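# A structural walkthrough
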Amino acid sequence: MNALDVGLRIVHILAAITLVGGIFFQCAVLMPACRHCAGDDTRKLAAELRGRWSKLVLASTLVLLASGFVNYLAVVRLAKAGTITLARFY
């Protein structure tokens with residue numbers, strides 16, 4: 001395993017943590033706190049969060065897809081070279 005493989009795996013895991021952690025934060029912390037805000041304040045907060053969060057979701061999703069695809073290609077390349085054996089369903 002070379003440095004590029006390790007780096008891609010770390011970036012892949014961090015992107016997944018960002019998405020899952022963000023969803024957990026919104027459901028467990030932010031939404032219950034917003035129930036106590038006034039209507040206009042809640043709409044302003046939601047608009048601000050949506051703008052920031054959508055960019056982070058887009059970037060994290062692209063990183064997950066790209067790093068997952070590169071990892072898949074690397075595993076298939078190793079399997080074709082005979083270095084590793086894959087399960088039949090891979």
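Summarised in this report is the structure supplied together with it. (Residues numbered from 1 in each chain as written. Predicted model: local features only at pLDDT ≥ 70, side-chain atom pairs only at ≥ 80, totals over all residues. Heavy atoms only, no water.)

### A closer look at the overall build of the chain
Short version of the rule: Starting at the N terminus, helices and strands are each numbered in turn, a helix being any DSSP run of H or I of at least four residues and a strand any DSSP run of E of at least two. Based on C-alpha atoms, the radius of gyration is set beside the globule rule, defined as 2.2 Å times the residue count to the power 0.38. Burial classification: accessible surface area is computed with a 1.4 Å probe over protein chains only, and a residue below 20% of its type maximum counts as buried, one above 50% as exposed, and the rest as partly exposed. Note on contacts: a residue pair qualifies if any of its non-hydrogen atoms lie within 4.5 Å across the two residues. Residue burial considers only the protein chains on display, and all accessible areas are found by Shrake-Rupley using a 1.4 Å probe. When charges are tallied, Lys and Arg are placed among the positive residues and Asp and Glu among the negative ones, while His and the ends of the chain are skipped. Charge positions are represented by NZ for Lys, CZ for Arg, CG for Asp and CD for Glu.
Secondary structure assignment for the chain yields two helices and zero strands. Against the globule reference of 12 Å for 90 residues, the chain gives a C-alpha radius of gyration of 19 Å, more extended than a compact globule. Reported as C-alpha extents along the three principal axes, the dimensions of the chain are approximately 65 × 20 × 20 Å. Expressed as a percentage of its 90 residues, the buried residues of the chain come to 10%. Look at the contacts in the chain between residues 6 or more apart in sequence, and 66% of them connect residues 24 or more apart. Surface exposure of the chain reaches about 7,100 Å², of which carbon and sulfur atoms provide 70%. Taking the average location of the 10 positive side-chain charges in the chain and that of its 4 negative ones, the two points are 13 Å from each other.

### A short note on the packing of helix H1 (residues 3-34) against helix H2 (residues 39-81)
Condition: Helix axes are fitted only over the stretch in contact, all axes being lines through C-alpha atoms; the angle between N-to-C directions runs from 0 to 180 degrees. In what follows, roughly perpendicular refers to angles from 65 to 115 degrees, roughly parallel to angles under 35, roughly antiparallel to angles over 145, and oblique to any angle outside these ranges. By definition, any crossing whose near helix is turned counterclockwise from its far helix by less than a right angle is left-handed, and any crossing with a clockwise turn is right-handed. Three residue categories are used. Nonpolar comprises Ala, Val, Leu, Ile, Met, Phe, Trp, Tyr, Cys and Pro, charged comprises Asp, Glu, Lys and Arg, and polar comprises the others, including Gly.
Two numbers describe how H1 lies on H2: the axes approach to 8 Å, and their chain directions differ by 155 degrees. Comparing their axes, H2 and H1 come out roughly antiparallel. Judged by the twist between their axes, the crossing of H1 over H2 is left-handed. Looking at the contact of H1 with H2 residue by residue, the class counts come to 16 nonpolar, ten polar and one charged.

### Concerning the pattern of salt bridges
Selection criterion: Criterion for a salt bridge: a side-chain nitrogen of Lys or Arg within 4 Å of a carboxyl oxygen of Asp or Glu.
In total, this model carries two salt bridges according to the counting rule given. For the salt bridge of Asp-40 with Lys-44, the shortest nitrogen-to-oxygen distance reads 3.7 Å. Taken together, the positions of Asp-40 and Lys-44, both in helix H2 and four residues apart, correspond to about one turn of that helix.

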